[in-house]
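Breakdown of the fold
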Amino acid sequence: METTVAFEGLTCVDCGETFDAETATHRCPDCDGILDPSYDLDRVDLTPADLETRPGESMWRYEELLPFAREAAVTLGEGGTPLVECPALADAMGVGRVLLKDEGANPTGTFKDRGQSLATTAAREHGASEVALNSAGNAGQAAAAYAARADLDAHVYLPSRAGFTQKAMTEVHGADLTVTDPVGGNSQIGDAGKAYAAAMEEHPEWYSTKTFVTPYRHEGKKTMALELLEQLDWEAPDAVVYPTGGGVGLVGMHKAAREARELGWSDELVPMYAAQAAGCAPVVDAYEAGADRHEPLADDEVDTACNGIAIPDPGASPLILEAIRESDGGAVATTDREILDAAITVAREEGLEIGATCAAAASGAFALAESGEFGPDDTVVLLNTGAGNKDVDTLRAHVGETEA
């Protein structure tokens, strides 16, 4: 297993022990905590000046801050997504600048590609032949695509509420798809998780690429912050508003901002704001209560059409809340109507297509600006985690309702 020079191993965020990445593949062998790739940053032989001369075609241009070199990567060209000026939104919010980081430009249309690229690379490096995960939708599609690229078999477990596009493309890429659907109603992410767990017990040889089970999903997504900072000449924006379900990308981005600061590339952390749907907002509730972790919601308490962030029990909420507080960010919840209205506003005012779920970032930013959280000189970044065509039926139906 070949790793990059600065990569030291996998450190448990709970007990603090560090393990060899060749033998520790998923959760902590001692306490079952989340493992996090760790680096000796003094050995990172990379500077912003070096990056100026390096091709920017994918997230693997930051290979010195990743566990594996680009020569080993399972890649479809993920990353390198645009940061788009949104002057109409800035005027409407009353802030200096609004920029949209458009992850819909990734190969399967979402930021999930970054995490699956690195997780699938790890799977191949560990000699796996089959990968498995449960997902709300987009990660399942991405896992199927990257498994196909790596010539691995994939087993994907989705709830029935996942979108048609995600279900269809998971099968198009050749994965074994299981859609869980209990009697009496639509299944939720928890149902898909139970089916996945049962299958993993039967097939312990399958290599999991599930969120925060593999150490590599959030590590791939940290490249969003490296790109964002580089696109802003290494000056941190005043806010990044992030549509938050499991919070994998938020945690990864905060980690990258800390690394960039420690390397001397950037002076400040990136303030991270978690945006959730009011019908499923365990992180916002915990933040407002001053708690260190969330209170799980029961599946029947989830009341939102925003499938991608309908995560009633985000297992890494302590990491999310730590990132929000350490970066001097915040958390906000808005209604489904406000979220869908924001998606239409972005499409009509800026011409940009954002997913229905992802529009929680836009509606959350509007709410934060209205509350006085953002000032007239602030630079606010909206993290669009997925393409609008992922949720085209939801968006079109909302237009029909509002214009009827």
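So, here is what we can say about the structure in this document. (Residues numbered from 1 in each chain as written. Predicted model: local features only at pLDDT ≥ 70, side-chain atom pairs only at ≥ 80, totals over all residues. Heavy atoms only, no water.)

Moving on to the environment of Glu295. Mapped onto the fold, Glu295 is located in the loop between helix H10 (282-289) and helix H11 (317-326). Note: C-alpha distance between Glu295 and Thr75 (220 residues apart in sequence) is 37 Å. (Helix = DSSP H or I, 4+ residues; strand = E, 2+ residues; numbered from the N terminus.)

With that out of the way, let us pick up the sheet that holds strand S2 (residues 18-19). The strand order across the open sheet formed by 3 strands is S2-S1-S3, and the pairing between neighbours is antiparallel. In this open sheet, the two edge strands, each paired with only one partner strand, are S2 and strand S3 (35-39). Both strand S1 (residues 7-12) and S3 contribute to a ladder of 5 bridges, which runs antiparallel. Counted as the bridge partner of Thr11 is Asp36 from S3. (Pairing = 2+ DSSP bridges.)

Note: strand S7 (residues 153-159) against strand S8 (residues 176-180), 5 bridges, orientation parallel. Residue pairing for S8: Tyr157 is matched across the bridge by Thr178. Between the parallel elements S7 and S8, the chain passes through helix H5 (residues 164-172) in a crossover that is right-handed. (Right-handed = clockwise from strand over helix to strand, strands pointing away.)

Right, let's talk about the sheet that holds strand S12 (residues 330-334) for a bit. Read across the open sheet, the 6 strands follow the order S4-S5-S13-S10-S11-S12; overall the sheet is mixed. The open sheet has two free edges, formed respectively by strand S4 (83-85) and S12, since each of these has just one partner strand. For this sheet the average axis-to-axis angle between neighbouring strands, irrespective of direction, equals 25 degrees. Here 4 bridges tie strand S10 (residues 239-243) to strand S11 (residues 272-277), and the two strands are oriented parallel to one another. The residue bridging Val240 from the neighbouring strand is Met272, located in S11. Set on the sheet, helix H12 (residues 336-350) makes contact with S4, strand S5 (97-102), S11 and S12; between it and S12 the angle comes to about 95 degrees. (Axes fitted to C-alpha atoms, helices over the stretch in contact; angles between N-to-C directions. Contact = heavy atoms within 4.5 Å.)

With that settled, consider the nonpolar core. If you look at the biggest cluster of nonpolar residues, it comprises 83 residues, and the most contacted ones within it are Tyr216, Val240, Tyr242, Leu250 and Met253. If sequence neighbours within four positions are ignored, Leu250 has contacts with Tyr242, Thr244, Met272, Tyr273, Ala274, Ile320, Ala323 and Ile324. With 36 residues, the next largest nonpolar core counts Leu89, Val241, Ala369 and Leu382 among its residues. (Core = buried A, V, L, I, M, F, W, Y, C linked by side-chain atoms within 4.5 Å. Buried < 20%, exposed > 50% of the residue type's maximum accessible area, 1.4 Å probe, protein only.)

Attention now goes to the packing of helix H9 (residues 248-262) against H11. Where H9 contacts H11, the axes come no closer than 9 Å and their chain directions differ by 45 degrees. In this view, H9 runs oblique relative to H11, as classed from their interaxial angle. Judged by the sense of rotation from one axis to the other, the crossing of H9 with H11 is left-handed. In this structure, H9 contributes Leu250, Val251, His254, Arg258 and Arg261 to the contact, and H11 contributes Leu319, Ile320, Ala323, Ile324 and Glu326. Looking at side-chain class alone, the contact of H9 with H11 contains 6 nonpolar, 1 polar and 3 charged residues. (Parallel < 35°, antiparallel > 145°, perpendicular 65-115°, else oblique. Left-handed = near helix turned anticlockwise from the far one by under 90°. Nonpolar A, V, L, I, M, F, W, Y, C, P; charged D, E, K, R; others polar.)

Two quantities define a packed helix pair, namely the angle between the helix axes and the distance between the axes. The interhelical angle for the contact between helix H3 (residues 112-125) and helix H4 (residues 138-150), taken along N-to-C directions, is 45 degrees, at an axis separation of 9 Å. Taken together, the axis directions place H3 and H4 in an arrangement best described as oblique. With respect to the hand of their crossing, H3 and H4 are arranged in right-handed fashion. Counting all contacts with H3, which are made through Lys112, Asp113, Gln116, Ser117, Thr120 and Arg124, the residues of H4 involved are Asn138, Ala139, Ala142, Ala143, Tyr146, Ala147 and Ala150. When the residues that make up the contact of H3 with H4 are grouped by side-chain class, the tally is 6 nonpolar, 4 polar and 3 charged.

To continue, consider the pattern of salt bridges. Scanning all chains against the criterion turns up 14 salt bridges. Salt-bridge contacts for Lys255 lead to Glu219; the nearest nitrogen and oxygen are separated by 2.7 Å. Here Lys255 is found in helix H9, whereas its partner Glu219 is found in helix H7 (residues 217-221), with 36 residues between them in sequence. By the burial criterion, Lys255 is buried, and Glu219 matches it. Because the salt bridges share partners, they merge into one network encompassing Asp36, Glu219, Lys222, Lys255 and Glu259. (Salt bridge = Lys/Arg side-chain N within 4 Å of Asp/Glu carboxyl O.)

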